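# Coordinates in review
One-letter residues, chain by chain:
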Amino acid sequence: NNVSAGAGWTDVNALATVNSAYQRLFFSNGRADSSWALAAGVAESGTTMNGDRLQTLWVLADAYGASADVTNSPTYLSVFGSRLPTGELSCTTAPLLDPSGSGQCKRDSLGSCPSPCRLVSSDSPIPAGAQPSGCWPKFPLHGKPGNLPKCQAGLASEPFGDAYDCMDGADQLATTRVLVNWAKALAAFQARLVTKDAPFDTFVKEGPGSKAISALAHRGAQLFVGKAGCFDCHNTPLLSDREFHDIGVPQVGPFVPTIADCGKGNPKCDCVSTPSKTCLPWGAFDGLTRLATNKFLRTSMWSDADPSRVSLEPEEQPGYSPPDRLKGAWRTPSLRNVELTAPYMHDGLYKTLEEVVWHYSNGADPSAVGTPELDLRPLLLTDDEQRALVAFLRTLTSPPLDPAIFGNPGAAPSVCP
């Protein structure tokens, strides 16, 4: 299909991970300011990883906790300098749970909450469907922040009966710290996924007279920086200005929401309420609005950065409000390895590079969201010029990553059956 899938279909075509460490804002709409913040967000997204932070805690406890048999593998303690807050394995907690699947502990014959589980009272007023109290392990097996503030014990509309929100505050923070550390480990690995030495890089190094690329690709390079104007946005060694532009791509596809789909009160996509409550088709306007409320910013309590050394992007400055021109704008993708990353555009509309070049040759689609940029006029490229541009884009493909980057750790064994 035209968009990306994890646990479900997303609303966009995911950007490449390789070379992503050089970006300044993350996601196609810029709603995160670091790679680890992106990972922490998608870990609990129903369409991406569909996990939850308590599950992440227990997976790490079983595989990398001090009591786990992880021969030749690092422990959580050795990597992060602190122990996991559970101090035990998931299989020691599972027998405490009620067989109903609620995630709560079995109560005794008198209905009391037995040790080591803890009795938790719902915060008042108690919503319809919630229970006056819940009985959970200190660290439930599943849970993440709910939609309602505070504890609503057993409320079906809250994730896992609101198990996370009914935890002790200090245990909530400890659990979230594990999620963040996991995300930072993932980001540290992704920062090693860097490709270079594409044929065009060799052409540049060798200078005039180089035969590293074909004559057709050479002509395409001239068009790229000249008549076609691609270099206006696809500049820097990354071949991306890392900014956001409305390039007139229509918002279409089976899982791509349109403005008409995002009516008032829609919890997933609302383009009508004031202020907007997540208008996905607006791209960067929506993402940069949400950036300000991201709980995992580089300036947040979860960041390792020295505040005095954090250079804020303009979009991160206090009081920033996205301009209307960013409605329908999306981040400029890097063109490195673009030959390998079909389909193309934020909604995966085009299947081939030839179709992408055709789009720019013809100009913005009148049905696109927002107002396309003023300089996005039809290029009226000839067929030969379009072929030359595609030939040039194919010279941006680097050799495969060195397999040594991935090591050979194998799957971390879990000591729980």
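In what follows, the accompanying structure is described. None of these values were measured; they are calculated from a predicted model.

## Some thoughts on the packing of helix H9 (residues 353–362) against helix H10 (residues 383–393)
Helix-helix packing: each pair is described by the crossing angle between the helix axes and the interaxial distance. Close contact between H9 and H10 brings their axes to 10 Å; oriented N to C, the two are set at 130 degrees. Compared by their axis directions, H9 and H10 come out oblique. The hand of the H9/H10 crossing is right-handed. From H9, Leu353, Glu354, Val357, Trp358 and Ser361 reach across to H10, where they touch Gln386, Leu389, Val390 and Leu393. Partitioning the contact of H9 with H10 into residue classes produces six nonpolar, two polar and one charged.

## Focus on the nonpolar core
If you look at soluble globular proteins, the nonpolar side chains tend to sit buried side by side. Core analysis: the biggest nonpolar cluster contains 27 residues, and Phe200, Phe224, Leu335, Leu389, Phe392, Leu393 and Leu396 have the highest contact counts within it. Elements supplying a minimum of two residues to this core: helix H6 (199–206), helix H7 (215–225), H9 and H10. Sequence-distant contacts of Leu389, that is, excluding residues within four places in its chain, are made with Gly220, Leu223, Phe224, Ala228, Cys230, Val357 and Leu381. In this structure, Cys262, Cys269, Phe285 and Leu291 belong to the second largest nonpolar core, which totals 16 residues.

## Some details on the pattern of salt bridges
Applying the stated criterion across every chain, the model contains 17 salt bridges. Across the salt bridge formed by Glu313 and Arg24, the nearest N and O atoms sit 3.1 Å from each other. Of the two residues, Glu313 sits in the loop between helix H8 (284–291) and strand S4 (330–331) while Arg24 sits in the segment before helix H1 (35–42), which places them 289 residues apart along the sequence. Grouping residues by exposure puts Glu313 and Arg24 together as buried. One salt bridge connects Arg219 with Glu385, and the closest N-O pair in it is separated by 3.8 Å. With a gap of 166 residues between them, Arg219 in helix H7 and Glu385 in helix H10 connect regions that are remote in the sequence. Taking relative accessible area as the criterion, Arg219 reaches 38% and is therefore assigned partly exposed. Linked by salt bridges that have partners in common, Arg24, Glu243, Glu313 and Glu315 make up one network.

## A look at the packing of aromatic side chains
In this structure the tally under the stated criterion is eight aromatic pairs. With a centroid separation of 5.8 Å and an interplanar angle of 25 degrees, the aromatic rings of Phe200 and Phe203 are classed as stacked. Placement of both Phe200 and Phe203 in helix H6 is noted, with a separation of three residues, approximately one turn of the helix. Overall, Phe203 belongs to the buried group, its relative accessible area being 13%. Plain terms: the ring middles of Trp282 and Phe285 are 5.4 Å apart, the flat faces sit at 85 degrees to each other, and that makes the pair edge-to-face. The class of Trp282 is buried, set by a relative accessible area of 14%. Here the aromatic cluster, defined as three or more aromatic residues joined through ring pairs, consists of Phe200, Phe203, Phe224 and Phe392. Directly above the ring of Tyr164 sits Arg53, whose terminal nitrogen or CZ lies 5.4 Å from the centroid. Its guanidinium or amino end placed over the ring of Trp36, Lys184 lies 4.8 Å from that ring's centre, counting from NZ or CZ.

## What about empty space enclosed by the protein?
Within the structure shown, the criterion is met by one cavity of 30 Å³ or more. What the largest cavity holds in volume is close to 30 Å³. Together, Asp246, Ile247, Gly248, Val249, Gly328, Trp330 and His346 line the largest cavity. Classifying every residue of the lining of the largest cavity by side-chain character gives three nonpolar, three polar and one charged.

## Points about the packing of H7 against H10
As a packed pair, H7 and H10 sit with axes 7 Å apart at the nearest point and diverge in direction by 100 degrees. By the angle class used here, H7 and H10 are roughly perpendicular. Only Glu385, Arg387, Ala388, Leu389, Ala391, Phe392 and Leu393 of H10 make contact with H7, whose side of the interface consists of Leu216, Ala217, Arg219, Gly220, Ala221, Leu223 and Phe224. Taken together, the residues of the contact of H7 with H10 sort by class into 10 nonpolar, one polar and three charged.

## Observations regarding the state of the cysteines
Counting across every chain of the model gives five disulfides. Covalent S-S linkage joins Cys105 and Cys117, the inter-sulfur distance amounting to 1.9 Å. Since a negative S-S torsion denotes a left-handed disulfide, the Cys105-Cys117 link at about -80 degrees is left-handed. With Cys105 in the loop between helix H4 (90–93) and strand S1 (118–121) and Cys117 in the loop between H4 and S1, this pair connects stretches of sequence that are 12 residues apart. Cys117 matches Cys105 in its accessibility class, with the two residues each being buried. Between the sulfur of Cys271 and that of Cys279 lies a disulfide, 1.9 Å long from S to S. Taking the torsion about the S-S bond as the criterion, the Cys271 to Cys279 disulfide, at about 85 degrees, is right-handed. Across the pair, exposure class does not vary: Cys271 and Cys279 are buried alike. For Cys230, which is in no disulfide, the shortest distance to another cysteine sulfur is to Cys233 and amounts to 9.2 Å. Given a relative accessible area of 21%, Cys230 falls into the partly exposed group.

Reading the values: rules and limits
Residues numbered from 1 in each chain as written. Predicted model: local features only at pLDDT ≥ 70, side-chain atom pairs only at ≥ 80, totals over all residues. Heavy atoms only, no water. Axes fitted to C-alpha atoms, helices over the stretch in contact; angles between N-to-C directions. Helix = DSSP H or I, 4+ residues; strand = E, 2+ residues; numbered from the N terminus. Parallel < 35°, antiparallel > 145°, perpendicular 65-115°, else oblique. Left-handed = near helix turned anticlockwise from the far one by under 90°. Contact = heavy atoms within 4.5 Å. Nonpolar A, V, L, I, M, F, W, Y, C, P; charged D, E, K, R; others polar. Core = buried A, V, L, I, M, F, W, Y, C linked by side-chain atoms within 4.5 Å. Buried < 20%, exposed > 50% of the residue type's maximum accessible area, 1.4 Å probe, protein only. Salt bridge = Lys/Arg side-chain N within 4 Å of Asp/Glu carboxyl O. Phe/Tyr/Trp six-rings, centres within 6.5 Å; stacked < 30°, edge-to-face > 60°. Lys NZ or Arg CZ within 6 Å of the ring centre and 35° of its normal. 1 Å grid on protein atoms, 1.4 Å probe; cavity = no way out; pocket = protein on both sides within 12 Å on 5 of 7 lines; lining within 4 Å. Points joined across faces, edges and corners; volume = space filled by probe spheres on them. Disulfide = S-S within 2.5 Å.

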